[in-house]
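Residue-level structure breakdown
One letter stands for each residue in the lines below.
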Amino acid sequence: MKWMFPVLASWAAMFLVACSDPDTADLQRYITEVKARPGQSIGELPKMKEIEFFLFDPTGLRNPFVPVDVVLDEQQIAEEVGSGVRPDFSRPREELEMFPLDSLRMVGTLVKDELRWALIVGADGTIHRVRAGNYMGKNHGKILEIGEDRISLLELVPDIKPGTWREQQTTIALVERQ
């Protein structure tokens, strides 16, 4: 092992000698020429364009860092909207309210004790039985009427102004199984 150090040292010396270029005279000449040139004055700095200042006042605007679909609490809604229509946030949510309305399919109806029920297949493939007064869909859709071939719902959808709601009537049609 003692013999390896001198061998490695001699190899390193050979590589350093091989990598160095003894003909650097042209580089030295160029450096001397550049240093011999007379210094030049720097011209006048360009005029900076004056920036017009603008003071932003966010009073009354929506916070852009809060998602739009964040539901305001009832007190904020009551302050902003007053007596307009709005969902009942204290009502327990029903199972079909966790699915978007377009992912639910009506596959049939049945009548029991003179009460018509609709059979709905959820996005998870489970069949649910609903009647007038039940809720479904993410927009607080209350079932108004169940017909032979359709379900009529009244949804409460957010309006243009944050914290306000509007009613929207929609239907789900019976789909034929294939």
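Computed from a predicted model, the values in this text were never measured in an experiment.

Reading guide: rules and limits
Residues numbered from 1 in each chain as written. Predicted model: local features only at pLDDT ≥ 70, side-chain atom pairs only at ≥ 80, totals over all residues. Heavy atoms only, no water. Salt bridge = Lys/Arg side-chain N within 4 Å of Asp/Glu carboxyl O. Helix = DSSP H or I, 4+ residues; strand = E, 2+ residues; numbered from the N terminus. Buried < 20%, exposed > 50% of the residue type's maximum accessible area, 1.4 Å probe, protein only. Pairing = 2+ DSSP bridges. Axes fitted to C-alpha atoms, helices over the stretch in contact; angles between N-to-C directions. Core = buried A, V, L, I, M, F, W, Y, C linked by side-chain atoms within 4.5 Å. Contact = heavy atoms within 4.5 Å.

**Some points on the pattern of salt bridges**
A full pass over the atoms with the stated rule returns five salt bridges. In this structure, the salt-bridge partner of Glu-148 is Arg-116, at a minimum N-O distance of 2.7 Å. One end of the pair, Glu-148, is in the loop between strand S5 (141-146) and strand S6 (150-158); the other, Arg-116, is in strand S2 (residues 115-121), and 32 residues separate them in sequence. Taking relative accessible area as the criterion, Arg-116 reaches 26% and is therefore assigned partly exposed. In this structure, Arg-166 and Asp-159 form a salt bridge, with 3.8 Å as the shortest nitrogen-oxygen distance. A relative accessible area of 37% places Arg-166 in the partly exposed class. One salt-bridge network, held together by shared partners, links Arg-91, Arg-93 and Glu-97.

**Topic: the sheet that holds strand S1 (residues 105-112)**
Strands sit in the order S1-S2-S3 across an open sheet of three strands; the sheet is antiparallel. Each end of this open sheet is capped by a strand with a single partner; those strands are S1 and strand S3 (127-130). Here the strands of the sheet are splayed against their neighbours by 25° on average, with no regard to which way each runs. Bridge count between S1 and S2: seven bridges; the pairing is antiparallel. By the bridge assignment for S2, Arg-105 is matched with Val-121.

**Focus: the nonpolar core**
Formed by 14 residues in total, the largest nonpolar core has its most connected members in Ile-120, Met-136 and Ile-151. Mapped onto this core, the elements with two or more residues apiece are S2, S5 and S6. When neighbours within four sequence positions are excluded, Ile-151 is seen to be in contact with Met-106, Ala-118, Ile-120, Ile-143, Glu-145, Thr-170, Thr-171 and Ile-172.

**Digging into the sheet that holds strand S7 (residues 165-173)**
Strand order in the open sheet formed by four strands is S4-S5-S6-S7, and the pairing between neighbours is antiparallel. Among the strands making up the open sheet, the edge pair consists of strand S4 (135-136) and S7. Where S5 and S6 come together, four bridges link them in antiparallel fashion. When the bridges of S6 are listed, Ile-146 appears paired with Ile-151.

**A few points about unusual backbone geometry**
Phi angles above zero are rare outside glycine, and Glu-114 is one such case at about 60°. Despite not being glycine, His-140 shows a phi value in the positive range, around 55°. Note on placement: His-140 falls in the loop between S4 and S5.

**Notes on the environment of Gly-137**
Mapped onto the elements of the fold, Gly-137 is located in the loop between S4 and S5. Its relative accessible area of 0% is what places Gly-137 among the buried residues. Along the backbone, Gly-137 and Phe-99 are 38 residues apart, and their C-alpha atoms lie at a distance of 5.5 Å. In this view, Gly-137 contacts Leu-96, Glu-97, Phe-99, Leu-101 and Leu-104; residues no more than four positions away in its chain are not counted.

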